[in-house]
Amino acid sequence: MSRICIIPARGGSTRIPKKNIRPFLGKPLIAWSIEHALKTGLFERVIVTTDSEEIAAVAREYGAEVPFRRDPALSDNYVSSYAAVIDAYKRVRDDGKQRTPITLVACFYATAPLMDIRDVEKGVTLIEEGGADYVYSCCEFPFPIQRAVYLDREGAPHPFMPDCIPLRSQDLTKAYQDAAQFYLYRPRLLEGDQARVISRALPVRRFRVVDIDEEDDFILAEALGRTIKEGGHADF
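This structure is a prediction, so every number in the text was calculated from the model and none was measured.

Caption draft 1: Molecular detail of the overall build of the protein chain. Across its full length, the protein chain holds six helices and 10 strands. In terms of overall dimensions, the protein chain is globule-like: its C-alpha atoms have a radius of gyration of 19 Å, near the 18 Å expected for 236 residues. Taking the principal axes of its C-alpha atoms as reference, the protein chain extends roughly 60 × 40 × 40 Å. Counting all 236 residues of the protein chain, 45% fall into the buried class. When the accessible surface of the protein chain is split by element, carbon and sulfur atoms take 51% of a total near 12,200 Å². Charged side chains in the protein chain number 32 positive and 35 negative. The centres of these two groups are separated by 3 Å.

Below you can see the structure in the form of C-alpha cells.
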C-alpha cells in the first residue's frame, strides 16, 4: 500500500502576490500544509507541484519533495488544481521512485493552514475501509442558503427562495460548501476511470475553514489561527 500527497502551488498568484509563501503565523503559508501532510504519517511521499523555483526552495526546506517543475501550460489562472494533480500523479507514478503501486492520492491545498489532520485520517478511512472512491472536506454554511437574497439596481433585496423566508432556520435543510482543504482519490479516477464513483463529503469544523483568496481572507485566517493556537487545539 502506497499513499502520496500532492500539494499544488503555482507562483502566479495575482490577488495576493506570492500568497503560497507569504508568512503566516511565523512560517510560509505552504509550510503548514506540508507539515500537516508529514504529521499524519499517512503518506510515503509529500510532493509539491509548482512552476516557481522560490516556492520549490521553500517546499524542500520544510520537508516536501519537488521532483519536477510544473509545465507552464498548467500554471496559469485558468487551469484547475485537479488538472495539476492529475499531471503530478502521472509523473510521480512514472518517475522510477515508486516501487509499489499507488493506492491513494491526496491533494492538500497550500492555502489550508487551519486543517485538522484528524479529518484527513477520517477521510482516508472512508476510502480504505468505507468503500468511497473520492472524499473531500466540506463545512456547513453559516447561514441558511434558502434565505439568500439578491440586490437589484436600486439596492432593494429580493429572495431567491421566497417560500423559505417565513420558515424557521431549524426547519431548513442544512447546506454545505467545499472547505478547500483536502481531496482524496483512488488512483483510477486520476487515470480517467469515472465509472461508478462513490463520493463522500466529510464535514469539518467551520472555524477551521477560510478560503484564502483576498487580503481580508488572509487577515481572518491569521486571526483564527491565533485563536486556535491559544486555545490549545490539537494538530495545529
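Caption draft 2: Structural view of the nonpolar core. Counting residues in each nonpolar core, the largest one holds 31 residues, and the members touching the most others are I7, I30, F43, V48 and F108. When residues of this core are traced back to their parent elements, those giving at least two are β1 (2-8), α1 (29-40), β4 (45-49), α2 (53-61), β5 (102-108), α4 (117-128) and β9 (176-185). Counting residues per element, this core draws most heavily on α2, which supplies four residues. In contact with I30, other than residues within four places in its own chain, are I7, A9, N20, I21, V48, I55, V58 and A110. If you look at the next biggest cluster of nonpolar residues, it comprises 18 residues, including I86, A88, Y134 and Y183.

Rules of the game
Residues numbered from 1 in each chain as written. Predicted model: local features only at pLDDT ≥ 70, side-chain atom pairs only at ≥ 80, totals over all residues. Heavy atoms only, no water. Helix = DSSP H or I, 4+ residues; strand = E, 2+ residues; numbered from the N terminus. Rg over C-alpha atoms; globule rule 2.2 N^0.38 Å. Buried < 20%, exposed > 50% of the residue type's maximum accessible area, 1.4 Å probe, protein only. Areas by Shrake-Rupley, 256 points an atom, 1.4 Å probe, with all protein chains shown as cover. Lys, Arg positive; Asp, Glu negative; His and termini not counted. Charge placed at Lys NZ, Arg CZ, Asp CG, Glu CD. Core = buried A, V, L, I, M, F, W, Y, C linked by side-chain atoms within 4.5 Å. Contact = heavy atoms within 4.5 Å.

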